[in-house]
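# An overview of the molecular structure
This is what each chain is made of:
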Amino acid sequence: MKTIERYILKRTLASFLVTMIAMTGVVWSTQALRQLDLVTSKGQTLLQFFYITLLGVPYLAVIVAPFAMVIAMILILNSMARDSELIVINASGASRALVLRPIMIFSLVIALVIGALSTYLAPKGRALMRDEITKVRVDLVANIIKPGRFIEIEDGLTFHIRNRSGDGILEGLLLNDEREQQTAFTYTAERGRIIEAADKTILVMLDGTIQRRPKGTKDISIVSFESYGFDLSSMIPEAVAPTYKASDRPTLELLNAAPDDSYAQRNWNRLVAEFHDRLSQPLYPLAFGLIIYAFLGSAKTTRQNQGLSILGAIASCFLVRTAGFAAAMAVTSQPPLFPLLYAIPLVAAVLAIWSIRYGRTPRWMNELAYKLEMLMERVKAKRVGRSPSKPGETA
């Protein structure tokens, strides 16, 4: 690889990583807010909350990566054009492949990464997240012990705690047990903790008392203790096996579901659409790399032409990806349409290759870029109080 090719590749990769981290962080933050009830209403720790939400990052990366790639390549090629680097490369008589080769190598690397994410890491992460959320739903602490409330676990057994700290300590604990016919017990403790030991769930209470009251009498006896264990094993809700949706399942199992899989029988169309959507994901980075090079890979004579090229590249990539999302929805209802998922990025790539080969762009792309440029001119004109000028004209 030549020096200029390594230069383009390194700059593009660095720009991509920064953009990818920023965009993924923003998207992850919005998705994490949807799981905030894990901490607020389910009583889980912040560590558990971050672990569960981070399991969805590979799935988010599959969606974000192509757009981060587009932004990175546009930034680098536009910077090279603004600094006259593309003009120097063109004037030196170098082949157009000198710029195209690192762009396509970068696109291929991103395609391989997205392929690994979409076919393995993303569904694996979502399956683990589904498992963890199911565990939370049957967690004794999450569903039974809630601060400030009297919770009746079963007839005659009531729990109350004043507070639950972030490290799992229960503060101001009260346990009233009236299940025995002859005697009622009331347990109080300054603090406590639920632990797992010998396949049992034990509530360990510290610095408290046990009040024993024979029913039907006013007699009461009080015993103080430093530590006391109360068996909660019989009160834990039975775990229910999670139902894995199409996006949670391994790729090879999407079209080979078990005969007794009720979800697969009801949602076979979704499984088919998910399978082909995963396999088509790596095609988009390759198509985007060709599209962006077709618009921005050669030197432009004016800043106006460069602006039109940037708008054309963004609009084309956006339309291609939107068409892909629409095709995925169509395949969900009509599985025989699955070739559309592959055809959309492939057709876009072929058109971009044609444009690169003959140095032309399709008329509709030019018209779209022109309309976007005119729209921006009108907005700018309203701000400065003058009528918009046509692209290429001087005010």
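Residues numbered from 1 in each chain as written. Predicted model: local features only at pLDDT ≥ 70, side-chain atom pairs only at ≥ 80, totals over all residues. Heavy atoms only, no water.

### Description of the overall build of the chain
Across its full length, the chain holds 13 helices and 6 strands. Counting every position in the chain, which comprises 395 residues, the buried fraction comes to 43%. Partitioning the intrachain contacts of the chain with sequence separation of at least 6 by distance along the chain shows that 60% fall at a separation of at least 24. Carbon together with sulfur atoms contributes 60% to the accessible area of the chain, which is approximately 21800 Å² in total. (Helix = DSSP H or I, 4+ residues; strand = E, 2+ residues; numbered from the N terminus. Buried < 20%, exposed > 50% of the residue type's maximum accessible area, 1.4 Å probe, protein only. Contact = heavy atoms within 4.5 Å. Areas by Shrake-Rupley, 256 points an atom, 1.4 Å probe, with all protein chains shown as cover.)

### Points about the sheet that holds strand β5 (residues 200-214)
Reading across the sheet, the 6 strands line up as β1-β2-β3-β4-β5-β6 and stay open at both edges, with antiparallel pairing between neighbours. Single-partner strands in this sheet number two, and they are β1 (151-154) and β6 (221-231). Direction aside, neighbouring strands of the sheet carry axes that sit 25° apart on average. Pairing analysis gives 7 bridges linking strand β2 (residues 157-164) to strand β3 (residues 170-177), with the strands arranged antiparallel. Residue pairing across strands places histidine 160 opposite leucine 174, the latter belonging to β3. (Pairing = 2+ DSSP bridges. Axes fitted to C-alpha atoms, helices over the stretch in contact; angles between N-to-C directions.)

### Notes on the packing of helix α10 (residues 283-296) against helix α12 (residues 339-358)
With their axes 8 Å apart at the nearest point, α10 and α12 run at an angle of 25° to one another. Compared by their axis directions, α10 and α12 come out roughly parallel. Judged by the twist between their axes, the crossing of α10 over α12 is left-handed. On the side of α10, the interface is formed by Leu283, Tyr284, Ala287, Leu290, Ile291, Tyr293 and Ala294, while α12 contributes Leu341, Tyr342, Ile344, Pro345, Leu346, Ala348, Ala349, Ala352, Ile353, Ser355 and Ile356. (Parallel < 35°, antiparallel > 145°, perpendicular 65-115°, else oblique. Left-handed = near helix turned anticlockwise from the far one by under 90°.)

### Thoughts on helix α9 (residues 268-280)
Helical geometry: 3.6 residues make up each α-helical turn, so side chains three or four residues apart lie on a common side. The end-to-end C-alpha distance of α9, which contains 13 residues, comes to 19 Å, matching closely the 18 Å that a straight helix rising 1.5 Å per residue would cover. Within α9, the full set of buried residues consists of Leu271, Val272, Ala273, Glu274, Phe275, His276, Asp277, Arg278 and Ser280. (Expected span 1.5 Å × (residues − 1).)

### Section: the packing of aromatic side chains
In this description, an aromatic ring pair is defined by two values, namely the gap between the centres and the angle between the planes. Enumeration according to the criterion identifies 7 aromatic pairs in this entry. With centroids separated by 5.4 Å and ring planes inclined at 70°, the aromatic side chains of tyrosine 187 and phenylalanine 230 adopt a geometry described as edge-to-face. Taken together, the positions of tyrosine 187 in strand β4 (residues 183-197) and phenylalanine 230 in strand β6 put the pair 43 residues apart, joining distant regions of the chain. Taken individually, tyrosine 187 and phenylalanine 230 each receive the classification buried, so the pair is uniform in this respect. Relative to tyrosine 228, the ring of phenylalanine 225 has its centre 5.6 Å away and its plane inclined at 45°; by these criteria the two rings are tilted. (Phe/Tyr/Trp six-rings, centres within 6.5 Å; stacked < 30°, edge-to-face > 60°.)

### Some thoughts on the side chain of threonine 12
Along the chain, threonine 12 turns up in helix α1 (residues 3-34). Residues within four places of threonine 12 in sequence aside, it is in contact with Ala72, Met73, Ile76 and Phe106.

### Structural notes on the side chain of threonine 186
Among the structural elements, threonine 186 can be located in strand β4. Given a relative accessible area of 9%, threonine 186 falls into the buried group. Contacts of threonine 186, omitting those with residues within four sequence positions, involve Leu174, Leu175, Asn176, Thr209, Ile210, Gln211 and Arg213.

### Notes on the pairing of β6
Judged from the 10 bridges that link them, β5 and β6 form a sheet pairing that is antiparallel. If you follow glutamine 211 over to β6, its bridge partner there is isoleucine 222. Linking β5 back to β6 in an antiparallel pair, the connection comprises 6 residues, with glycine 216 at a positive phi of about 90°.

### Some words on the pattern of salt bridges
Considering all chains together, one arrives at 9 salt bridges under this definition. Between aspartate 248 and arginine 130 there is a salt bridge, with the nearest N and O atoms lying 2.8 Å from each other. Taken together, the residues span a long stretch of sequence, with aspartate 248 in the loop between β6 and α8 (262-266) and arginine 130 in helix α6 (residues 97-137) at a distance of 118 residues. Among the residues examined, arginine 130 registers a relative accessible area of 23% and is labelled partly exposed. (Salt bridge = Lys/Arg side-chain N within 4 Å of Asp/Glu carboxyl O.)

### Structural notes on a nonpolar patch on the surface
On the surface, a cluster of nonpolar side chains totalling about 290 Å² of accessible area is made up of Leu46, Phe50 and Leu54. Following the sequence through the fold, phenylalanine 50 ends up in helix α3 (residues 46-54). (Patch = residues over 30% accessible without salt bridge, like charges linked within 9 Å, V, L, I, M, F, W, Y side chains within 5 Å.)

### Things to note about the environment of lysine 371
When you line up the elements, lysine 371 lands in helix α13 (residues 363-384). Linking lysine 371 and leucine 308, residues 63 residues apart in sequence, is a C-alpha distance of 9.6 Å.

Read these as layout, nothing more, since geometry by itself doesn't imply function.
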